[in-house]
Structure formats: C-alpha cells, structure tokens
Amino acid sequence: MANSDQLLCDLRAATLTGSGTPYGLIDDAAIALSQRRIAWVGRRDDLPDAFRRFEPLSLRGRLVTPGLIDCHTHAVHGGNRAAEFEMRLNGASYEEVARAGGGIVSTVAATRAASEDALLQTALRRVDALIAEGVTTIEIKSGYGLDMDTELRMLRVARAIAAQRPIRVRTSFLGAHATPPEYAGRGDAYIDDICIPALRAAHAEGLVDAVDGFCEGIAFSPDQIARVFVVARALDLPVKLHAEQLSNLGGAKLAARHGALSADHLEYLDEDGVRAMAGSGTVAVILPGAFYTLRETQAPPIAALRRHRVPIALATDLNPGSSPMNSLLLAMNMGCTLFRLTPEEALRGVTAHAARALGLADAGTLAAGQRADLAIWDVEHPAELSYRIGFNPLHDRLFGESP
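Residues numbered from 1 in each chain as written. Predicted model: local features only at pLDDT ≥ 70, side-chain atom pairs only at ≥ 80, totals over all residues. Heavy atoms only, no water.

**Considerations on the packing of helix H5 (residues 148–164) against helix H6 (residues 187–204)**
Contact geometry for H5 and H6: axes closest at 9 Å, N-to-C directions at 40°. Judged by the inter-axis angle, H5 sits oblique to H6. Of the two elements, H5 crosses H6, and the hand of that crossing is right-handed. Contacts between H5 and H6 involve Met148, Leu152 and Leu155 from the former and Ile194, Pro197, Ala198, Ala201 and Ala202 from the latter. Residues of the contact of H5 with H6, tallied by class, amount to eight nonpolar, no polar and no charged. (Axes fitted to C-alpha atoms, helices over the stretch in contact; angles between N-to-C directions. Helix = DSSP H or I, 4+ residues; strand = E, 2+ residues; numbered from the N terminus. Parallel < 35°, antiparallel > 145°, perpendicular 65-115°, else oblique. Left-handed = near helix turned anticlockwise from the far one by under 90°. Contact = heavy atoms within 4.5 Å. Nonpolar A, V, L, I, M, F, W, Y, C, P; charged D, E, K, R; others polar.)

And the structure:
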C-alpha cells in the first residue's frame, strides 16, 4: 500500500465495532487512508471536507472488513503426519501409531532435523495460503523443538516470515508443549532444564511476544505450567494457554489467575472456568479444526461463554497432527456448523476478538487510528464469508505496515 492519501468509496464497510448494528455494517461507506492508517470511516455523505482531496478509488459496491487474524497456529514445523492419518483410518490405535514413531514425537524429530531455511520455505507456503484469504496478522508458536536450539530456530523462522511477506507475525513460546523422548517421565526436569532456560534465551534474543503452554494429562500439569507463567510474567511477557481440550484440569482458571490473553480449545471448560475468564478478560479461542480432525463429540460451552460475555475468537490451529487445516475461511464455516456460532460471531472471532487474543489494540476493526489492514470481498453480505465452503471471494487485501 502506498503512503499517499487515499479514499476508498462505493463500498459497504463491516467495521466490527460496537456500533449497535450487526457487524457494525455501514452501507454506502467511505474509508479514508493516510500514512498506512485509517483516518476516517463512515457514511460517504458524512465525509469531512478534509478527506475530500484524497485520491478516490471506487470499490464498486464490494464489502470491506478488517484484515483477518489467525490467532492460533503452529505454522512452523518440519515434516507432516499423513502416514499416521492413513494408519488411523486403517484401524491403528493411538498406541500403535505411537510405537511406529507417530504423534508429536515424529514432528519433533522432523523439526529438529530441518534447517532454518527449510523450515522457512515450508512455512512460507502455508502462510501464503492464509494471505490469499485476506489474513493480515498471524500468530505462530514454537513447541516442536523441545530443546534449546530448535525452539530458538522456530522462533527465528517466525520472525523471518514477517520480513519476507506482507503480514504481521506474533510469536508465542510454547516450550511447555510436550515432554521430549529424552525426558520421558521427567516433566519437572524438562521444565527446569530446557523449557525455562529456552524461554529466557528466546526473550533475550527478542523472539517472544507471548508465552503459551499445554495444560493436559498428556502434557503438563497446572503446577508445571504455573512455574513457566511466573517466569513469563517476570520477563513482562503476556501468557496464553491450551486448556480443557481433552479433560478439565482447571487450566482456564489458571490462565485467568495469570491474566492470560486467551485460553484456547476449551471443549471441557466448565462454568467456573467461564466465570474466571470473564473476570480476567481472557479471550476464549475456539479451534474447530482440531475438534473435527480428532472427531470429538463435546463442543466448547458456547452458550455459557455468551452468557458471561466472554469474547470468542476463532482460529485454524494450523498444525501437522490434530488440525492440518490451512484455511481461516473454512474455520469460520466450521465454527458456525460445528459449534453453532452465528456468522457475525465468526467474523468477529477472526477480527476484533482475535486481535484482543493477541493483545493488539490497533487491528481487528475499521476505525480511525487503526492500521490500514483491510480485506476487500466480492460478496454482498458479511454472512457469505462463513456460508460458502471451499470458495475464496477475496478481491484484494491491503496491508498497512507500521509507519
């Protein structure tokens, strides 16, 4: 996007602000852009004189939304797990897949073996697919290295993506993702010997925007996660958490006690956990791709989240195992179909609420002062973005880098 002042006109604007109208929708709108920011948005008839000199660009009645935000991904990793996908469909049990070297162990091995450039090139292909759907911000986690060198390598690759593509990348250190084979049965030792030192090293190198963990019976206990969170907060880093995906260990309440930006998955979240999240302002990030791939039957408590006014974000959870999904538009459709979100909730979930889940105040809505991250769609109504399956109606995407 050029630095010149520009006036987008002849459009419908889904501002996703709290305007009191569905989608914050403005018909016959105009959007003034200046210095890579939104200078003004509103009805064209109300355009202030100061913006009438801006270079006009007719969008011929198209819909404009904020650029989409994928707030939970594992886009940097080595290898794939198609072989174990096939094994499971041929009747292999989880244990049989694990004995054959499948599961997260296989991704850790492939990621450790990959060079920084190899990880970057494969990640760029995944990110390019998201960019083509109007995504302007993406969160990328580490967590497939589980040793000092590879965790840092993953985070360096995530930073490099932002340097090579017109997209904003927020990084999350996920050293507390799983216990690596060399620390089998010694989770506490892994936290002390590898996870916390790697976090400190990554922070010292400027590679970390937030700290994540996986609180689950197959991963880490609340007490182990809390030790990582204490270090994160001492480093002035916000936290988030994979919580209540397969069982309820009280991860959401732990996240809320630490003022987490988000708690993610949440299929087994209970009312107490919802209340705790509401009290702390923690965003609920729901991930229908993993629910679908794992053929889960217990959905997140959407009604309770609505009742307690917990913001609901939506993401792909792009990863090689439980959610090999590379489409945020598909995640929106699945959020509506599987979890009964409304199309408006789905769109807010990948814009305004996704921005909040990443701690971003300058994205996710169309409002004066926001970055000029815009998606322009060949649709008549915002609900169409969640309605179609396997169809991309993106006309254009504007990326407003920081001035």
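Next comes the rest of the write-up.
**Quick word on the sheet that holds strand E3 (residues 37–43)**
Taken in spatial order, the six strands line up as E3-E2-E1-E4-E13-E14 in an open sheet, and their pairing is mixed. Every interior strand has two partners, whereas the edge strands, E3 and strand E14 (394–398), have only one. Pairs of neighbouring strands in the sheet enclose a mean axial angle of 40°, with direction left out of account. Sheet analysis places strand E2 (residues 25–34) next to E3, joined by six bridges and oriented antiparallel. Bridging from a neighbouring strand, Ser34 pairs with Arg37 of E3. (Pairing = 2+ DSSP bridges.)

**So, helix H3 (residues 104–113)**
Of the residues making up H3, those classed as buried are Thr107, Val108 and Thr111. Buried positions in H3, seen along its axis, are confined to an arc of 100° and lie on one side of it. Close packing links the buried residues of H3 with helix H4 (116–131) and H5. (Buried < 20%, exposed > 50% of the residue type's maximum accessible area, 1.4 Å probe, protein only. Arc of directions from axis to C-beta.)

**Observations regarding the UniProt feature "binding site: 4-imidazolone-5-propanoate" (unreviewed entry) in the chain**
In the UniProt entry, the feature "binding site: 4-imidazolone-5-propanoate" (unreviewed entry) is given for Arg81, Tyr144, His177, Gln245 and Ser322. Following the sequence through the fold, Gln245 ends up in the loop between strand E9 (240–243) and helix H8 (251–257). Those residues in contact with Gln245, other than ones at most four positions away along the chain, are Phe214, Glu216, His265, Leu266, Glu267, Tyr268, Ala290 and Leu294. Take Ser322: it is sitting in the loop between strand E12 (312–314) and helix H12 (328–339). (UniProt positions renumbered as here; feature names shortened; annotations may be inferred.)

**Topic: the nonpolar core**
Of all hydrophobic cores here, the largest spans 96 residues; its most connected members are Ile161, Val211 and Trp377. It is H6 that provides the largest number of residues to this core, a total of eight residues. Trp377 has contacts with Arg62, Leu63, Thr65, Leu68, Glu133, Leu329, Leu385, Asn392, Pro393, Leu394 and His395, leaving out every residue within four places of it along the chain. Membership of the second largest hydrophobic core comes to 16 residues, among which are Ala13, Leu366, Leu374 and Leu398. (Core = buried A, V, L, I, M, F, W, Y, C linked by side-chain atoms within 4.5 Å.)

**Details of the packing of aromatic side chains**
In total, this model carries five aromatic pairs according to the counting rule given. Centre to centre, the rings of Tyr183 and Tyr190 are 5.9 Å apart; their planes meet at 65°, and the pair counts as edge-to-face. Taken together, the ring pairs connect Trp40, Phe51 and Phe54 into an aromatic cluster. We note Arg388 situated over the ring of Phe391; from NZ or CZ to the ring centre the distance is 5.6 Å. (Phe/Tyr/Trp six-rings, centres within 6.5 Å; stacked < 30°, edge-to-face > 60°. Lys NZ or Arg CZ within 6 Å of the ring centre and 35° of its normal.)

**Structural notes on the side chain of Arg371**
Looking at where Arg371 falls in the secondary structure, it is placed in the loop between helix H14 (352–357) and strand E13 (374–377). Arg371 gets classed as buried once you look at its relative accessible area, which sits at 4%. At a separation of 3.2 Å, a polar atom in the side chain of Arg371 contacts the main-chain carbonyl oxygen of Gly400. (Polar contact = N/O pair within 3.5 Å; in protein donor to acceptor, adjacent residues only side chain to side chain.)

**Looking at the sheet that holds strand E6 (residues 135–141)**
If you trace the eight strands from one edge of the open sheet to the other, you get E5-E6-E7-E8-E9-E10-E11-E12, paired in parallel fashion. Bordering the open sheet on either side are strand E5 (68–70) and E12, each of which pairs with just one other strand. Between one strand and the next, the sheet's axes are offset by a mean angle of 25°, whatever the strand orientation. Sheet topology places strand E11 (residues 283–286) next to E12; three bridges connect them, and they run parallel. Each residue of the ladder has a partner; that of Ala284, found in E12, is Ile312.

**Digging into unusual backbone geometry**
Its identity as a non-glycine residue notwithstanding, Leu266 has a phi of 75°, on the positive side. Here Leu266 is to be found in the loop between strand E10 (262–265) and helix H9 (271–280). Look at Leu266 and you get buried, because its relative accessible area is 0%. With phi around 60°, Arg309 is a residue other than glycine that occupies positive phi space. Summarising the element assignment, Arg309 is placed in the loop between helix H11 (302–307) and E12.

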